[in-house]
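Survey of secondary and tertiary structure
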Amino acid sequence: MTESPRVAICPGSFDPLTLGHEDIIRRALGLADRVVIAVSHSPSQIKRQLFDVDQRIEMIQEVFADEGRVKVLPFQGLLVDFARKQGATIVVRGLRGVKDFEYEFQMALMNRRLDVSMETVFLAPEPEYAFVSSTLIREISALGGSVDQFLSPSVARRVAAVAR
Ligand code: PNS
């Protein structure tokens, strides 16, 4: 009997993709045969975003260009519906600390209530990325600070280009 491939989904806004995200996604590849990076976009996000969804997808594809087991797709609506369509049964999320915990725990319980086959796996970040968030990257960059150390070079180039 051939087992069906194990598919994990890494959902998020990724505006922009940080080294913290990359760390979690690469480790998700150790847990699953394939990883779908689900880039969320909803009309309510448009005003606050640095990159539109197509740009975010492009930057993630660039970073994972050598990884054939990664697929990057946009998504809207319920995560469990999208995950099911992709054949994913594992949601992988990074948990940076207690501040993340409450929200993440609530989402995990709700997603499982919505679809009992959906398991959420939390990964602790590498300590060096525990304080990195896209929100802070956007803020620092908007205020003229350097964010290169938190981003892959190709992402850093894109951030620098929009900050100018
Ligand atoms: O990058 P973020 O903001 O941490 O990502 C949050 C995201 C996109 C994973 C979350 O908001 C989400 O799953 N949205 C999809 C809508 C949904 O399914 N809502 C119910 C969750 S219980």
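For the structure itself, look to the data block above.
This text gives an overview of the structure that appears in the document. No experiment lies behind these values; they were computed from the predicted model shown.

1. Notes on the side chain of Ser-152
In this fold, Ser-152 is placed in the loop between helix H5 (134-142) and helix H6 (153-163). At a separation of 2.6 Å, a polar atom in the side chain of Ser-152 contacts the side chain of Glu-22. Ignoring any residue separated from it by four or fewer positions in sequence, one finds Ser-152 in contact with Leu-19, Glu-22 and Val-63.

2. Overview of the site of the ligand
Near the ligand lie 13 residues; those nearest to it are Ser-13, Gly-77, Leu-79, Arg-93 and Asn-111. One nitrogen or oxygen atom from the main chain of Ser-13 is found 2.9 Å from an oxygen atom belonging to the ligand. Bound to the protein, the ligand loses 70% of the 560 Å² it would expose on its own. Sorting the residues of the shell around the ligand by element identifies strand S1 (7-12) and helix H4 (98-114) as the ones contributing at least two each. By residue number, the principal contributor to the shell around the ligand is H4, which donates four residues. Grouping the amino acids of the shell around the ligand by side-chain chemistry returns seven nonpolar, five polar and one charged.

3. A look at H4
In this model H4 runs 24 Å from its N-terminal to its C-terminal C-alpha over 17 residues, within 8% of the 24 Å that 1.5 Å per residue would give. Buried residues of H4: Asp-100, Glu-104, Ala-108 and Asn-111, and no others. Each element contacted by the buried residues of H4 is listed here: helix H3 (79-85), strand S4 (90-94) and strand S5 (119-123).

4. Some thoughts on the sheet that holds S5
With respect to topology, five strands assemble into an open sheet ordered S3-S2-S1-S4-S5, the strand pairing being parallel. The outermost strands of the open sheet, each flanked by one partner alone, are strand S3 (70-75) and S5. In this sheet, adjacent strand axes meet at a mean angle of 30 degrees when their direction is disregarded. In this sheet, S5 lies alongside S4 in parallel orientation, the contact comprising five bridges. Bridge pairing in S5 links Val-92 to Val-121. Packing against the sheet, H4 makes contact with S4 and S5, and its axis sits at approximately 160 degrees to S5.

5. Observations concerning the pairing of S1
Counting buried positions along S1 gives six out of six residues, so the element sits mostly inside the fold. Burial along S1 is two-sided: Val-7, Ile-9 and Pro-11 facing one way and Ala-8, Cys-10 and Gly-12 facing the other are all buried. Inspection of the sheet shows S1 paired to strand S2 (residues 34-40) by six bridges, in the parallel sense. The residue of S2 that forms the bridge with Pro-11 is Ala-38. Handedness of the S1-helix H1 (residues 19-28)-S2 crossover: right-handed.

6. Considering the packing of helix H2 (residues 53-63) against H6
At a minimum axis distance of 9 Å, the contact between H2 and H6 shows a crossing angle of 150 degrees. The orientation of H2 with respect to H6, classified from their angle, is roughly antiparallel. Residues Gln-55, Glu-58, Met-59, Glu-62 and Val-63 of H2 pack against Ser-154, Val-155 and Arg-158 of H6. Across the contact of H2 with H6, the residue classes tally to three nonpolar, two polar and three charged.

Criteria and thresholds
- Residues numbered from 1 in each chain as written.
- Predicted model: local features only at pLDDT ≥ 70, side-chain atom pairs only at ≥ 80, totals over all residues.
- Heavy atoms only, no water.
- Helix = DSSP H or I, 4+ residues; strand = E, 2+ residues; numbered from the N terminus.
- Polar contact = N/O pair within 3.5 Å; in protein donor to acceptor, adjacent residues only side chain to side chain.
- Contact = heavy atoms within 4.5 Å.
- Near = heavy atom within 4 Å.
- Areas by Shrake-Rupley, 256 points an atom, 1.4 Å probe, with all protein chains shown as cover.
- Nonpolar A, V, L, I, M, F, W, Y, C, P; charged D, E, K, R; others polar.
- Expected span 1.5 Å × (residues − 1).
- Buried < 20%, exposed > 50% of the residue type's maximum accessible area, 1.4 Å probe, protein only.
- Pairing = 2+ DSSP bridges.
- Axes fitted to C-alpha atoms, helices over the stretch in contact; angles between N-to-C directions.
- Right-handed = clockwise from strand over helix to strand, strands pointing away.
- Parallel < 35°, antiparallel > 145°, perpendicular 65-115°, else oblique.

Keep in mind these numbers describe shape, not what the thing actually does.
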